[in-house]
2 protein chains.
Amino acid sequence: MNKQQLFENIKRKRSFLCVGLDTDIKKIPEHLLTQEDPIFSFNKEIIDATADYCVAYKPNLAFYESLGVKGWIAFEKTIEYIKKNYPDQFIIADAKRGDIGNTSELYARSFFEHLGIDSVTVAPYMGEDSVKPFLIYPQSWVILLALTSNKGSHDFQLTKDENGERLFEKVIRKAQTWASDEQMMFVVGATQGKLFEDIRKIAPDHFLLVPGVGAQGGSLEEVAEYGMNDMCGLLVNSSRQIIYADKSENFAQGSKNEAIKVQQKMNELLLNKGI
Amino acid sequence: MNKQQLFENIKRKRSFLCVGLDTDIKKIPEHLLTQEDPIFSFNKEIIDATADYCVAYKPNLAFYESLGVKGWIAFEKTIEYIKKNYPDQFIIADAKRGDIGNTSELYARSFFEHLGIDSVTVAPYMGEDSVKPFLIYPQSWVILLALTSNKGSHDFQLTKDENGERLFEKVIRKAQTWASDEQMMFVVGATQGKLFEDIRKIAPDHFLLVPGVGAQGGSLEEVAEYGMNDMCGLLVNSSRQIIYADKSENFAQGSKNEAIKVQQKMNELLLNKGI
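Given the structure is predicted, the values throughout are model-derived calculations rather than measurements.

## Section: the overall build of chain A
Phase 1: Check the secondary structure of chain A and you find 12 helices and 8 strands.
Phase 2: For 275 residues, the compact-globule estimate of 2.2 N^0.38 gives 19 Å, and chain A sits close to it at 18 Å.
Phase 3: Projected onto its principal axes, the C-alpha positions of chain A cover 60 × 45 × 35 Å.
Phase 4: In chain A, which comprises 275 residues, the share counted as buried stands at 67%.
Phase 5: Partitioning the contacts of chain A with sequence separation of at least 6, the portion at a separation of at least 24 is 73%.
Phase 6: For chain A, the accessible area works out to roughly 9,900 Å², and carbon and sulfur atoms hold 46% of it.
Phase 7: Of the side chains in chain A, 32 bear a positive and 38 a negative charge, and the two mean positions are spaced by 2 Å.

## A closer look at the pattern of salt bridges
Phase 1: Counted according to the given criterion, the structure contains 35 salt bridges over all chains.
Phase 2: Between B:D99 and A:K96 there is a salt bridge, and its shortest N-O distance comes to 2.8 Å. One end of the pair, B:D99, is in the loop between β3 (90-97) and α5 (101-114); the other, A:K96, is in strand β3 (residues 90-97), on a second chain. There is no split in this pair, since B:D99 and A:K96 are both buried.
Phase 3: Several salt bridges converge on common partners, so that one network encompasses A:K58, A:D94, A:K96 and B:D99.

## Some words on the relation of the copies chain A and chain B
Phase 1: When chain A is fitted to chain B, the best match, at an RMSD of 0.0 Å, comes from turning it 180° and sliding it 0.0 Å along the axis. With respect to symmetry, the two chain copies, as superposed, fit the operation of a two-fold axis. The C-alpha atom lying nearest the rotation axis in chain A is that of A:D161; the distance is 1.9 Å.
Phase 2: Comparing contact sets, 100% of the residues at the interface of chain A also lie at the interface in chain B, consistent with an isologous, same-surface contact.

## Details of the interface of chain A and chain B
Phase 1: Across the boundary between the two partners, chain A contributes 56 residues, which contact 56 residues of chain B.
Phase 2: For the pair chain A and chain B, the two sides together bury roughly 5,100 Å², of which 58% comes from carbon and sulfur.
Phase 3: Ranking the residues of chain A by area buried against chain B places A:E65, A:Y125 and A:F156 at the top, with a combined share of 17%.
Phase 4: Taken together, the links from chain A to chain B amount to 6 salt bridges.
Phase 5: Among the salt bridges present, the one from A:E65 reaches B:R97, with a minimum N-O distance of 2.7 Å.

## Quick notes on the sheet that holds strand β4 (residues 119-122) of chain B
Residues and elements named next belong to chain B.
Phase 1: The sheet built from 8 strands closes into a barrel, its strands ordered β1-β2-β3-β4-β5-β6-β7-β8 with parallel pairing. When strand polarity is set aside, the average angle formed by the axes of neighbouring strands in this sheet is 30°.
Phase 2: Pairing geometry for strand β1 (residues 17-20) and strand β2 (residues 56-58), over 3 bridges, is parallel. The partner of G20 across the bridge, within β2, is K58.
Phase 3: Where helix α9 (residues 195-202) meets the sheet, it contacts β5 (141-147), β6 (184-188), β7 (208-210) and β8 (234-238), and its direction lies at approximately 160° from that of β7.
Phase 4: Here helix α10 (residues 220-227) sits on the sheet and contacts β7 and β8; the angle it forms with β8, its principal contact strand, is near 165°.

## Quick notes on the pairing of β6(B)
Residues and elements named next belong to chain B.
Phase 1: The buried count for β6 comes to 5 of 5 residues, which makes it a mostly enclosed element.
Phase 2: Alternating residues of β6 divide into M184, F186 and V188 and M185 and V187, and every residue in both groups is buried.
Phase 3: In this structure, β5 lies alongside β6, joined through 5 bridges in parallel fashion. Bridge pairing links I143 to M185 in β6.
Phase 4: When β6 meets β7, the two strands line up parallel, connected through 2 bridges. When the sheet's bridge partners are listed, V187 is paired in β7 with L209.
Phase 5: Between the parallel elements β6 and β7, the chain passes through α9 in a crossover that is right-handed.

## A look at helix α8 (residues 167-175) of chain B
Phase 1: The buried fraction of α8(B) amounts to 7 of the 9 residues, a majority that puts the element mostly inside the structure.
Phase 2: By the burial criterion, the buried members of α8(B) are B:L167, B:F168, B:E169, B:K170, B:V171, B:I172 and B:A175.
Phase 3: Of the surrounding secondary structure, the elements contacted by the buried residues of α8(B) are α7 (153-156) and α8 (167-175) of chain A together with β5, α7 (153-156), β6 and α9 of chain B.

## Section: α9(B)
Phase 1: Taken together, the buried positions of α9(B) are B:L195, B:F196, B:D198, B:I199 and B:R200.
Phase 2: Residues of α9(B) that are buried in the fold lie against β5, α8, β6, β7, α10 and β8 of chain B.

## Here's the deal with the packing of aromatic side chains
Two aromatic rings, taken as a pair, are described by how far apart their centres are and by the angle between their planes.
Phase 1: As enumerated under the stated definition, the model contains 21 aromatic pairs over all chains in all.
Phase 2: When the ring of B:F112 is compared with that of B:Y137, the centres are 5.4 Å apart and the planes differ by 65°; the resulting orientation is edge-to-face. Of this pair, B:F112 sits in helix α5 while B:Y137 sits in the loop between α6 (128-131) and β5, and the two are 25 residues apart along the sequence.
Phase 3: By relative accessible area, which is 16% here, B:Y137 ends up buried.
Phase 4: Among the aromatic residues, those joined into a ring-pair cluster are A:Y64, A:W72, A:F75, B:Y64, B:W72 and B:F75.
Phase 5: The ring of A:Y244 has A:K247 lying over it, and the distance from NZ or CZ to the ring centre is 5.6 Å.

## A short note on the nonpolar core
Phase 1: If you look at the biggest cluster of nonpolar residues, it comprises 214 residues, and the most contacted ones within it are A:F16 and B:F16.
Phase 2: B:F16 has contacts with B:I10, B:V55, B:L220, B:M228, B:C232, B:L234, B:L235, B:V236, B:M266, B:L269 and B:L270, leaving out every residue within four places of it along the chain.

## A closer look at the sheet that holds strand β7 (residues 208-210) of chain A
All names here are of chain A.
Phase 1: Pairing is parallel in the closed barrel, where 8 strands are placed in the order β1-β2-β3-β4-β5-β6-β7-β8. Sheet twist, expressed as the average angle between the axes of neighbouring strands with direction ignored, equals 30°.
Phase 2: Sitting on the sheet, α8 touches β5 (141-147) and β6 (184-188), and the angle it makes with β5 is about 155°.

Reading guide: rules and limits
- Each residue is numbered by its place in its chain's sequence as written, counting from 1.
- Each chain takes a letter, starting from A, and each ligand takes a number, starting from 1, following the order in which they are written.
- Since the coordinates come from a predicted model, pLDDT governs what is reported: local features require at least 70, and pairs of side-chain atoms require 80 or more to be given and counted, while whole-chain, interface and lining totals use all residues.
- Hydrogens and water molecules were not included; the side-chain quantities draw on all heavy atoms of the structure.
- Numbered from the N terminus, helices here are DSSP runs of H or I no shorter than four residues, and strands are runs of E no shorter than two.
- Computation of the radius of gyration draws on C-alpha atoms, with the globule rule given as 2.2 Å multiplied by the number of residues to the power 0.38.
- Remark: exposure states derive from per-residue accessible area (1.4 Å probe, protein chains only) relative to the maximum for the residue type, with buried under 20%, exposed over 50%, and partly exposed in between.
- We call two residues in contact whenever any of their non-hydrogen atoms come within 4.5 Å of each other.
- Per-residue accessibility takes into account occlusion by the displayed protein chains alone, with areas from the Shrake-Rupley method and a 1.4 Å probe.
- In summary, the charge assignment counts Lys and Arg as positive and Asp and Glu as negative, without counting His or the chain termini.
- The atom standing in for a charge is NZ when the residue is Lys, CZ when it is Arg, CG when it is Asp and CD when it is Glu.
- What counts as a salt bridge is simple: a side-chain nitrogen of Lys or Arg found within 4 Å of a carboxyl oxygen of Asp or Glu.
- In this comparison the copies share one frame, found by least squares on the C-alpha atoms of residues holding pLDDT of at least 70 in both.
- Buried surface area refers to the total accessible area, computed with a probe of radius 1.4 Å, that the two partners give up upon joining, counted for both partners together.
- When DSSP locates at least two bridges between a pair of strands, those strands are taken to pair.
- All axes are obtained by fitting lines to C-alpha atoms, using only the stretch in contact for helices, and the reported angles, taken between N-to-C directions, cover 0 to 180 degrees.
- When the strands point away from the viewer, a crossover counts as right-handed if the route from the first strand across the helix to the second turns clockwise.
- Only Phe, Tyr and Trp rings are paired, with Trp represented by its six-membered ring, and only when their centres lie within 6.5 Å; those with planes under 30 degrees apart are stacked, over 60 edge-to-face, the remainder tilted.
- Comment: the charge-over-ring label is applied if NZ (Lys) or CZ (Arg) is within 6 Å of the ring centre and within 35 degrees of the ring normal.
- Here the nonpolar core consists of buried residues drawn from Ala, Val, Leu, Ile, Met, Phe, Trp, Tyr and Cys, with membership extended through side-chain atoms lying within 4.5 Å.

So this is what it looks like as structure tokens:
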């Protein structure tokens with residue numbers, strides 16, 4: 001999916017919500033545990049309930065890997081299900097990968113060729129040759145960690161260099177020499193508040209993937225105020241708040257209600273921006 | 001395995017070699033492709049042939065993930081095989097993971113609880129809370145990326161901050177407030193030459209995991225000269241040079257010969273250091 005198509009979906013659905021499929025076997029409703037593949041059964045119901053109100057799904061690989069082979073099966077089935085039934089959804093493999101060139105190539109092959117996923121999150125620490133192999137697929141996106149939502153983001157990402165440039169700024173600046181805003185997005189945590197203004201100074205046109213609204217305490221209004229651009233430029237992720245909204249057998253309805261609430265707020269924020 | 005045990009193994013085997021199980025289905029001998037699980041069959045033979053000459057194995061997860069579910073099965077079987085048959089081998093899951101706290105927890109659970117692996121490589125970009133969940137397992141190690149072997153290591157890792165401290169130095173310094181040298185190692189590429197001296201100034205006692213000897217051009221002698229300490233303090237990894245030493249049906253013998261060559265050099269380097 002290209003940038004214009006993503007924007008069209010946002011306008012049509014009046015939403016820039018990304019639903020995080022961080023599905024934890026310890027947190028899903030108990031009645032699912034008797035099913036053959038409880039994780040996939042859960043995801044399927046969540047997807048069917050929320051697809052009208054979001055434009056993207058983001059499974060975090062850790063939740064699947066932690067179950068070993070079974071988890072990978074559930075992950076692959078989830079990706080296939082979305083692609084087949086909701087081809088207008090942008091899929092993000094939240095993997096935070098990054099390795100030397102020939103190894104990153106294998107990750108890229110796995111996510112883009114084998115699974116046909118739209119995008120993968122990548123960690124920048126190892127530099128250009130760890131990111132570039134993900135960029136040889138012209139239809140696919142790299143979503144590079146820039147300024148994350150967690151407390152530890154302050155440990156290194158805010159470190160100023162000799163010229164006063166902070167590490168996250170250097171990452172965003174350098175990465176723009178590797179790919180355009182048609183193939184790269186940046187992760188910026190919703191908890192970073194006014195720092196979105198600084199990011200928009202150096203990356204005015206890029207889409208930003210924004211985790212940290214909800215359980216982590218970030219504010220959707222603040223993100224929109226400081227981060228939205230003329231093409232929206234935001235994919236705001238919500239995981240726990242939506243997928244665990246209700247623990248009953250009727251859990252999917254709870255998730256749907258929560259997604260609708262977020263979508264309605266997003267509609268207002270888009271209207272405020274004239275979108 | 002604790003630090004003293006690792007050192008005892010190094011002294012007993014006269015080797016600080018780590019064999020990288022970067023097993024690529026496109027590079028293994030053709031006759032294996034008819035087997036039920038070619039990746040595991042290859043690994044099994046390589047392990048049996050090299051176990052006497054190395055102290056650690058390091059499968060890089062990318063190579064297994066790129067095959068999807070089948071790859072994960074081969075990975076898990078490989079780990080089980082090493083643990084059962086060669087319990088004195090230190091196992092490194094080269095995964096370069098790192099995510100917000102509650103997600104890193106899941107990766108830690110996967111590698112340490114579910115698979116019983118000794119250590120996992122972790123990327124530092126997201127800071128303390130992305131690393132700490134790996135440290136709650138007292139028998140397990142975090143191997144933190146500090147100064148990697150690839151060209152892109154220059155993009156961010158060498159950036160000097162306002163006080164002249166380079167990012168990799170800050171990572172090593174800060175990480176020492178999170179865990180001791182009994183639970184943490186650092187990745188330092190063999191291609192970094194004299195920078196090992198700088199690293200030993202701030203981390204004199206830590207073990208370093210050193211990739212980049214062989215195909216990537218690093219020198220074992222140089223690494224030993226600038227990086228070895230009184231407990232050796234080095235695990236030098238070789239992947240392609242050993243596992244693809246021979247492409248015939250008799251490939252394992254070729255790998256064995258190559259491992260012996262490296263082990264003999266390592267024996268000399270240990271003797272030079274009085275170990």
